[in-house]
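# Report on the structure
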Amino acid sequence: MLLDVNSWTKYQIVYYRASNQLEWPRTMPKDTAELLIHDRMLMDTYEKALGK
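Residues numbered from 1 in each chain as written. Predicted model: local features only at pLDDT ≥ 70, side-chain atom pairs only at ≥ 80, totals over all residues. Heavy atoms only, no water.

## Here we look at the overall build of the protein chain
The condition is simple: Numbering of helices and strands starts at the N terminus; helices are DSSP runs of H or I of at least 4 residues and strands are runs of E of at least 2. For a compact globule the rule gives 2.2 Å times the number of residues to the power 0.38, and the radius of gyration it is set against comes from C-alpha atoms. The buried label goes to any residue with under 20% of its type's maximum accessible area, the exposed label to any with over 50%, and the partly exposed label to all in between, with areas taken from a 1.4 Å probe on protein chains only.
The helix and strand inventory of the protein chain stands at 1 helix and 4 strands. In the protein chain, the order of α-helices and β-strands from amino to carboxyl end is β-β-β-β-α. Rg of the C-alpha trace for the protein chain: 13 Å, well past the compact-globule value of 10 Å for 52 residues, more than 25% over. Over its C-alpha atoms, taken along the principal directions, the protein chain stretches across nearly 35 × 30 × 15 Å. Residues counted as buried form 13% of the 52 residues belonging to the protein chain.

If you want it as structure tokens, here you go:
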């Protein structure tokens, strides 16, 4: 979930691991959504490794 604080608009990117599909707001380029979800998954990996 992303929040644009200027307009208080919420944007949600959903990744389905089983099917490797991505849902993203169509106002956002697909490659940007892919980069953001990749970064979030990387952060999740680090958080799990640190036990958080």
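## Brief notes about unusual backbone geometry
Even without being a glycine, W8 presents a positive backbone phi close to 60°. Secondary-structure assignment places W8 in the loop between strand 1 (2–4) and strand 2 (9–11).

## A closer look at the confidence of the model for the protein chain
So the rule is basically this: Known as pLDDT, the predictor's confidence for each residue is given on a scale from 0 to 100.
When pLDDT is averaged along the protein chain, the result is 92; 100% of the residues meet or exceed 70. Model confidence for the protein chain, summarised as mean pLDDT per element, is weakest for strand 1 at 84 and strongest for strand 4 (residues 21–23) at 95.

## Looking at helix 1 (residues 30–49)
Put simply, the test is: In this analysis, the expected span of each helix is defined as 1.5 Å times one less than the number of residues it contains.
Under the 1.5 Å per step criterion, the end-to-end length of helix 1 is 29 Å for 20 residues, consistent within 8% with the ideal 28 Å. Just downstream of helix 1, G51 is the residue with a positive phi angle, here 75°.

## Digging into the nonpolar core
As a reminder of what qualifies: Buried residues of nine kinds, namely Ala, Val, Leu, Ile, Met, Phe, Trp, Tyr and Cys, make up a nonpolar core once their side-chain atoms join them within 4.5 Å. We call two residues in contact whenever any of their non-hydrogen atoms come within 4.5 Å of each other.
I13, L22, W24, M28, A33 and I37 together form the largest nonpolar core, which totals 6 residues. Those residues within four positions of I37 in sequence are excluded, and the remaining contacts are I13, Y15 and L22.

## Concerning the packing of aromatic side chains
The condition that has to hold: A pair of Phe, Tyr and Trp rings is counted when the ring centres sit within 6.5 Å of each other, with Trp represented by its six-membered ring. The angle between the planes then sorts it: under 30 degrees is stacked, over 60 is edge-to-face, the rest tilted. By definition here, charges over rings are those cases where NZ of Lys or CZ of Arg is within 6 Å of the ring centre and within 35 degrees of the ring normal.
Inspection of the entire model under this criterion finds 0 aromatic pairs. Over the ring of W24 we find R26, and its NZ or CZ is 3.9 Å from the ring centre.

## Notes on the pattern of salt bridges
As a reminder of what qualifies: Only one rule defines a salt bridge in this text: a Lys or Arg side-chain nitrogen within 4 Å of an Asp or Glu carboxyl oxygen.
This model, assessed by the stated rule, comprises 3 salt bridges. For the salt bridge of E47 with R40, the shortest nitrogen-to-oxygen distance reads 3.5 Å. Its relative accessible area of 30% is what places E47 among the partly exposed residues. Taking the shortest distance from any N to any O, the salt bridge between D44 and K48 comes out at 3.1 Å. With a gap of 4 residues between them, D44 and K48 both fall in helix 1, about one helical turn apart. Given a relative accessible area of 23%, D44 falls into the partly exposed group.

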